[in-house]
Amino acid sequence: PRTSTSSPRSPAQDEGAPPIAPEVAAALAKFRMLFAAIRSHNRAIVEHCGLGALSLRALAIVRDRPDLGVSGLAKALMIRQPSASKIVDELVSRGMLSRRAHPTDGRATVLRLRKAGAEVLAKAPGPHAGLLQDALGRMDPQRLRRLDGALSELIDGLNIEDPLAASMEPLTDA
């Protein structure tokens, strides 16, 4: 029988599951906070702009680097080129980006922000670079290196089949 001084047990513990170590529970809670903050920020972007966070980042990158090609945009977004092409196609169809032939390479195209894209960026909640990228960019470099090492150790423990491919998957929908 439980007394008023006993600590509360989770339903999983009541069903005989092993207890979660406090350090694991604290780390899991922090991951949940990160994911919740990213989801909340992305929902705010969709509500304000009608675009996903990745599409908004694409607009900001093209604004800052006019005449960038789709491959360059893919690298800047850290996604695969076909994914970047889909985002560009959507933004072009919505009149937010223009795509024209590269002046010296007839096989390539260059991108430019159009007025509609600039208007979306003006009303969009920041940071346009993405919430997580912005926070990481403001961290002390030494702490960021330690975080990177700890995350690498965690990822190694997940036995991800193709880590490079996984690293190119966007955190959010376009």
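Residues numbered from 1 in each chain as written. Predicted model: local features only at pLDDT ≥ 70, side-chain atom pairs only at ≥ 80, totals over all residues. Heavy atoms only, no water.

Here's the deal with helix 3 (residues 53-64)
- The end-to-end C-alpha separation of helix 3 is 17 Å, in line with the 16 Å expected for 12 residues at 1.5 Å each.
- Across the 12 residues of helix 3, 10 count as buried, placing the element largely inside the fold.
- Within the sequence span of helix 3, burial applies to Ala53, Leu54, Ser55, Leu56, Arg57, Ala58, Leu59, Ala60, Ile61 and Val62. (Helix = DSSP H or I, 4+ residues; strand = E, 2+ residues; numbered from the N terminus. Expected span 1.5 Å × (residues − 1). Buried < 20%, exposed > 50% of the residue type's maximum accessible area, 1.4 Å probe, protein only.)

Thoughts on the side chain of arginine 57
- Of note, arginine 57 is situated in helix 3.
- With no salt bridge to any partner, buried arginine 57 finds its closest opposite charge in aspartate 64, at an N-O distance of 9.9 Å.
- Discounting chain neighbours no more than four positions away, the residues touching arginine 57 are Ala76, Leu77, His128, Ala129, Gly130 and Gln133. (Lys, Arg positive; Asp, Glu negative; His and termini not counted. Salt bridge = Lys/Arg side-chain N within 4 Å of Asp/Glu carboxyl O. Contact = heavy atoms within 4.5 Å.)

Some remarks on the packing of helix 4 (residues 70-77) against helix 5 (residues 81-93)
- Two elements in contact, helix 4 and helix 5, have axes separated by 8 Å at closest approach and are oriented at 110°. Overall, the two elements helix 4 and helix 5 adopt an arrangement that is roughly perpendicular. For the pair formed by helix 4 and helix 5, the contact residues are Val70, Ser71, Leu73, Ala74 and Leu77 on the first element and Gln81, Ala84, Ser85, Ile87 and Val88 on the second. (Axes fitted to C-alpha atoms, helices over the stretch in contact; angles between N-to-C directions. Parallel < 35°, antiparallel > 145°, perpendicular 65-115°, else oblique.)

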